[in-house]
Amino acid sequence: MFGYINVNAKELSPENKAVYQSYYCGLCRELRKSSGTKGQMLLNYDITFLVVLLTGLYEPQEEKEEFVCALHPLKKRTRISSQISEYAADMNVMLAYFNLIDDWEDERKLSKRALAALIQKDYQRMAEKYPRQAHAIQNYIQKLGEYENKKETNIDLVAGLTGEVVGELFAWKQDEWYDELKTLGLYLGKFIYLMDAYEDLDKDEKKDSYNPLRALKKANDQDFEVIVKLMMTSMMSECAKSFERLPIILHADILRNIIYSGVWSKYEYLQMKKKKRKKE
């Protein structure tokens, strides 16, 4: 689920790069505060997008601080933190826990199981704090397992599970923005699932593992690439429409950079790899 929601650094101004990095550092520090060093190991840019999105919408009171990072000690870093950073850090841990469990069941890597065990108590603590979000994650895992067991080929149905859980996590509060944030998260989550399935397709074909795109490719071999690109474009188009309906001015340039461009970085990288393989 992780690794697809990032900025297009080439198209971002130096000022916005610094702001985005400050939110990333703020999220890292919140993970350390709530879950220790093991929490920092779960840090990712996908959740940084959530921080910037909710900050732009709610404009909370923020705390800004310069600090020395152990990983980058030569130059002071700046962190920006708020209530939203705390919430996002907790969502980061909750999602990561189930992601690790899923990876363990799929790949049987002991490192995944070991890290999941390390953060299990943190997850349980956060599940008590956020029962609505915890229920959404648990429901997602249960239904995804059912679809995988029966090798469900309805891509929209399976991708919708990721969309539902991302939507529920993006909706920080049950207020006037709840429905719109859920809608934005729904389509972004569907895009994430499709990108993940697309990236894993070759590997899943070799291992004969479940991937709903395998059936689509078999039925539409000649047009497969076009169809998948259209599906992902449609998801991000709906996500962008939802974003534009929100009254966000603060950090809107950063958010548009991610939604309209940054999310395609992995897709473009995969296309480059495919072209390179064809030339070899």
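Structure first, text after, so check above.
Residues numbered from 1 in each chain as written. Predicted model: local features only at pLDDT ≥ 70, side-chain atom pairs only at ≥ 80, totals over all residues. Heavy atoms only, no water.

Visitor: Would you explain the nonpolar core in this entry?
Guide: The tendency in soluble globular proteins is for nonpolar side chains to be buried as a group. With 91 residues, the main nonpolar core has Phe 49, Leu 53 and Leu 213 as its most contacted residues. Setting aside chain neighbours within four positions, we find Leu 213 in contact with Ile 155, Leu 194, Ala 197, Tyr 198, Leu 201, Phe 224 and Val 228. (Core = buried A, V, L, I, M, F, W, Y, C linked by side-chain atoms within 4.5 Å. Buried < 20%, exposed > 50% of the residue type's maximum accessible area, 1.4 Å probe, protein only. Contact = heavy atoms within 4.5 Å.)

Visitor: It is not clear to me how the side chain of Asp 90 should be interpreted in this structure. Could you clarify?
Guide: With respect to the element layout, Asp 90 can be found in helix α3 (residues 83–107). When neighbours within four sequence positions are excluded, Asp 90 is seen to be in contact with Ser 34, Met 126, Lys 129 and Tyr 130. (Helix = DSSP H or I, 4+ residues; strand = E, 2+ residues; numbered from the N terminus.)

Visitor: What is the right way to read the packing of aromatic side chains from this model?
Guide: To describe a pair of aromatic rings, you give the distance between the ring centres and the angle between the ring planes. This model, assessed by the stated rule, comprises 10 aromatic pairs. Ring geometry for Tyr 87 versus Tyr 130: centroids 5.4 Å apart, planes at 80°, classification edge-to-face. One end of the pair, Tyr 87, is in helix α3; the other, Tyr 130, is in the loop between α4 (110–129) and α5 (131–149), and 43 residues separate them in sequence. Like Tyr 87, the residue Tyr 130 is buried in the burial classification. The interplanar angle of 75° and the centroid separation of 5.2 Å between the aromatic rings of Phe 191 and Trp 264 together place this pair among those described as edge-to-face. Separated by 73 residues along the polypeptide, Phe 191 in helix α7 (residues 178–207) and Trp 264 in the loop between α10 (252–260) and α11 (265–279) bring together distant segments of the chain. For the pair formed by Phe 191 and Trp 264, the shared burial category is buried. Here the aromatic cluster, defined as three or more aromatic residues joined through ring pairs, consists of Tyr 58, Tyr 87, Tyr 130 and Trp 172. (Phe/Tyr/Trp six-rings, centres within 6.5 Å; stacked < 30°, edge-to-face > 60°.)

Visitor: Just to check I follow, could you spell out the pattern of salt bridges for this structure?
Guide: Once their charged atoms are close, side chains differing in charge can pair, the charge on each being opposite to the other. Applying the stated criterion to the full structure yields 19 salt bridges. For Lys 33, the salt bridge goes to Glu 30, with nearest N and O atoms at 3.6 Å. Residue Lys 33 and its partner Glu 30 are located together in helix α1 (residues 14–40), separated by three residues, close to a single helical turn. For Lys 33, a relative accessible area of 63% gives the class exposed. Assessed through its relative accessible area of 7%, Glu 30 is described here as buried. Glu 199 is the partner of Lys 266 in a salt bridge, and the nearest nitrogen-oxygen pair spans 3.6 Å. Linking Lys 266 in helix α11 with Glu 199 in helix α7, this pair joins segments that are 67 residues apart in sequence. Judged by relative accessible area, Lys 266 falls into the partly exposed class, the value being 23%. Judged by relative accessible area, which is 31%, Glu 199 ranks as partly exposed. (Salt bridge = Lys/Arg side-chain N within 4 Å of Asp/Glu carboxyl O.)

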